[in-house]
Amino acid sequence: MALAVGIRGLTRSLLRPWVRVPGPARGRTEPAAGGGDGVRCFGSPRVLVEPDPAAGFAVMKMRNPPVNSLSLEFLTELLISLEKLESDKAFHAIILTSDCPGIFSAGLDLMEMCGRDPTHYAEYWKAVQELWLRFYLSHLVVISAINGVNAAGGCLLALSCDYRVLADNPKYAMGLNETLLGIIAPFWFKDTLVNTVGHRTAERALQLGLLFPPAEALQVGMVDKVVPEDQVLSAARSELAQWLAIPGHARQLTKSLMRKPTADRLLKERDADIQNFVRFISRDAIQKALRVYLEKLKQKKT
Ligand SMILES: CCCCCC/C=C\CC(=O)SCCNC(=O)CCNC(=O)[C@H](O)C(C)(C)COP(=O)(O)OP(=O)(O)OC[C@H]1O[C@@H](n2cnc3c(N)ncnc32)[C@H](O)[C@@H]1OP(=O)(O)O
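About the criteria used
Residues numbered from 1 in each chain as written. Predicted model: local features only at pLDDT ≥ 70, side-chain atom pairs only at ≥ 80, totals over all residues. Heavy atoms only, no water. Helix = DSSP H or I, 4+ residues; strand = E, 2+ residues; numbered from the N terminus. Buried < 20%, exposed > 50% of the residue type's maximum accessible area, 1.4 Å probe, protein only. Contact = heavy atoms within 4.5 Å. Areas by Shrake-Rupley, 256 points an atom, 1.4 Å probe, with all protein chains shown as cover. Polar contact = N/O pair within 3.5 Å; in protein donor to acceptor, adjacent residues only side chain to side chain. Expected span 1.5 Å × (residues − 1). Arc of directions from axis to C-beta. Phe/Tyr/Trp six-rings, centres within 6.5 Å; stacked < 30°, edge-to-face > 60°. Salt bridge = Lys/Arg side-chain N within 4 Å of Asp/Glu carboxyl O.

Caption draft 1: Spotlight on the overall build of the chain. The helix and strand tally for the chain stands at 11 helices and 12 strands. The buried share of the chain, taken over its 302 residues, is 53%. In the chain, the proportion of contacts linking residues at least 24 apart, taken out of those at least 6 apart, comes to 73%. Within the structure as shown, the chain displays about 13800 Å² of accessible surface, and the carbon and sulfur contribution to it stands at 55%.

If you want it as structure tokens, here you go:
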């Protein structure tokens, strides 16, 4: 099994860096996220980046319609955008949000985990690990402006940020609901949740596959702030000011001190974790459970 698939190699083969942004943003200058003028948006087909270098941050908008499911291509594009911002000294922070109305992210792409071969599962899981590691340990301040429902892998992405603002809409529930699909959140999903909400809340939430509506998400500490829907981005921007006022090296080293032990657990067992995923997801019973779940999603429309 090819476990050595490098995300960087994958990245190069999938995309030439900074392809022009398709759709509404293509080729025109938009107001930058922080209100500055004349700064060109960049990105890739599924990730739109609105930079405000003068203010030191960029808004990263996920746009993989209909539900921002984390496909291999989308994961790769998110990683490229993060890498680009991290390597530019003008940027100290990112606000991560969604461009898909009502959806932050439906989590991992079930089509990547259904009916594929072990090599694909290994490649996909390595990309999922990479996304978590890179966001969780990023030296940038990362704030998520959660403007929609946010399940499983999407919730993990938000939990990897430094601060979470959630739009106050009862439909915008978030959580690690893996057990509802008959699958199990891996130890590093669990650790990330425990680090955010504490052991007891995480234990109950994980076993029951709970998706918390905004008031409850705030109450258990899954998010830091709940604001009216039209204020999610401005609230994230206001919060950013406090984070950016702290000397960068002190904040970064403190972040690393807090998070490295959790990340190191995965780094030490990365290949074993991939093999475990491949074995688990390849089981007939798991494949059947995922197909049934997908079918239910489709049937709810009829
Ligand atoms: C040892 C290791 C074990 C494995 C560990 C795996 C860890 C993490 C797992 C995950 O992240 S699994 C994904 C979990 N996600 C969910 O349960 C959310 C599922 N989706 C929904 O509940 C709804 O789609 C929504 C997000 C609430 C949006 O509802 P809406 O009514 O707006 O849209 P839908 O009609 O339901 O969906 C549109 C379209 O998208 C397809 N789709 C939805 N979610 C996914 C997904 N996660 N992956 C792939 N495709 C998805 C859905 O089937 C519809 O398709 P079509 O019918 O239009 O073809």
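What follows picks up the thread again.
Caption draft 2: Structural context of the side chain of Asn147. Note on placement: Asn147 falls in the loop between strand S8 (141–146) and strand S9 (148–151). Within the structure, the side chain of Asn147 is placed 3.2 Å from the side chain of Thr97, a separation counted as a polar contact. One polar contact links the side chain of Asn147 to the main-chain carbonyl oxygen of Ser98, over a distance of 2.9 Å.

Caption draft 3: Helix H8 (residues 232–244), seen in detail. The end-to-end C-alpha distance of H8, which contains 13 residues, comes to 18 Å, matching closely the 18 Å that a straight helix rising 1.5 Å per residue would cover. Along H8, the positions that sit buried rather than exposed are Val232, Ala235, Ala236, Glu239 and Leu240. Buried residues of H8, viewed axially, fall in a sector of 145°; they line one side. Turning to H8, the residues buried within the fold contact strand S5 (57–62), strand S6 (93–98), S8, strand S10 (163–167) and strand S12 (225–227).

Caption draft 4: Broad picture of the packing of aromatic side chains. Enumeration over the complete set of coordinates arrives at 7 aromatic pairs. Ring geometry for Trp125 and Phe189: centres 6.2 Å apart, planes at 5°, overall stacked. Separated by 64 residues along the polypeptide, Trp125 in helix H3 (residues 118–136) and Phe189 in helix H5 (residues 187–197) bring together distant segments of the chain. On the basis of relative accessibility, which here comes to 4%, the residue Trp125 falls in the buried class. Taking the centre distance of 4.9 Å and the plane angle of 20° together, the rings of Trp132 and Tyr136 count as stacked.

Caption draft 5: Structural view of the pattern of salt bridges. All told, the structure shown has 14 salt bridges when counted by the stated rule. The partner of Lys255 in a salt bridge is Asp162, with the nearest N and O atoms 2.9 Å apart. Of this pair, Lys255 sits in helix H9 (residues 248–268) while Asp162 sits in the loop between helix H4 (152–159) and S10, placing them 93 residues apart in sequence. Asp162 matches Lys255 in its accessibility class, with the two residues each being buried. With its nearest N and O atoms 2.8 Å apart, the salt bridge here joins Lys190 to Asp191. With relative accessibility at 30%, the residue Lys190 sits in the partly exposed group. Taken together, the shared-partner salt bridges in this structure form one network comprising Glu83, Glu86, Glu130, Arg134 and Arg270.

Distances and angles like these do not, on their own, reveal function.
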